[in-house]
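Below, each chain spelled out in residue letters.
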Amino acid sequence: MAQRYPQITDRIRRFIEAQHMFFVASAARTGRVNVSPKGLDTLRILDANKVAWLNLTGSGNETAAHILDVPRMTLMFCAFEGNPWIVRLFGTPTMVQPGEDGWDELVGLFPPQRGSRQVFVLDIDLVLTSCGFGVPLYSFEGDRDVLDSWAAKKGDDGLLVYQREKNAESLDGFPTGLVQDGQHV
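Residues numbered from 1 in each chain as written. Predicted model: local features only at pLDDT ≥ 70, side-chain atom pairs only at ≥ 80, totals over all residues. Heavy atoms only, no water.

Bringing the side chain of threonine 74 into the picture now. Inspection of the secondary structure assignment puts threonine 74 in strand 6 (residues 73–78). Contacts of threonine 74, omitting those with residues within four sequence positions, involve Phe23, Val24, Ala25, Arg88, Leu89 and Phe90. (Helix = DSSP H or I, 4+ residues; strand = E, 2+ residues; numbered from the N terminus. Contact = heavy atoms within 4.5 Å.)

Turning to the environment of leucine 109, a few remarks are in order. Position of leucine 109 among the secondary structure elements: in the loop between helix 3 (103–107) and strand 8 (116–130). Exposure remark for leucine 109: the relative accessible area of 36% places this residue in the partly exposed category. Each C-alpha atom, one on leucine 109 and one on arginine 44, is 7.4 Å from the other, the two residues being 65 residues apart in sequence. For leucine 109, the residues in contact, after removing those within four places along its chain, are Arg44 and Leu46. (Buried < 20%, exposed > 50% of the residue type's maximum accessible area, 1.4 Å probe, protein only.)

This part takes up the layout of surface pockets. Gaps between atoms show up when a probe of the same size as a water molecule is rolled over them. Of the volumes computed, that of the largest pocket is approximately 1,100 Å³. Along its surface, the largest pocket is lined by 35 residues, and Met21, Pro37, Lys38, Gly39 and Leu40 are the ones closest to its centre. For the lining of the largest pocket, the secondary-structure elements that each account for two or more residues are strand 3 (33–38), strand 5 (50–56), helix 2 (62–69) and helix 4 (146–166). It is strand 3 that provides the largest number of residues to the lining of the largest pocket, a total of 4 residues. Here the lining of the largest pocket is built from residues that sort into 13 nonpolar, 15 polar and 7 charged. (1 Å grid on protein atoms, 1.4 Å probe; cavity = no way out; pocket = protein on both sides within 12 Å on 5 of 7 lines; lining within 4 Å. Points joined across faces, edges and corners; volume = space filled by probe spheres on them. Nonpolar A, V, L, I, M, F, W, Y, C, P; charged D, E, K, R; others polar.)

As structure tokens, this is what we get:
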């Protein structure tokens, strides 16, 4: 059932690019494990062993805190439509934030998004596929516009205040390394 690959194959690439949602898993050495659903147009396959995903402002910033402690991450993609299949990408992430080297190039891979907070680049060391027979069928209706509307109402300054208040520390009290105006918050 499960198959291991050292990199993203053409078939796996097509599958990943067809998905409307993926999940990000991370954990520090202690504390809570985090799994977050991600959507919108926030993932790019850079090459067979590297992907980038754009992290937008949200209620927390767990992934950033976790990778500062233990740089490991798993991305998971499930077929909710069509043939059942699950793909997991395991690897070592790096985080790039506004104002840091590489930010402009990386964020330029994505359509403009209000509240863009980080780009995580995952250097993949294992790709694992499995059957997905237990994943239910769902039909994609469309992307939600709620995050963009919320961010627009906050405005640029309001987003920065929100990030300082809600995104500078994890649920377990770990620093997230949040950078604003070239300074750690």
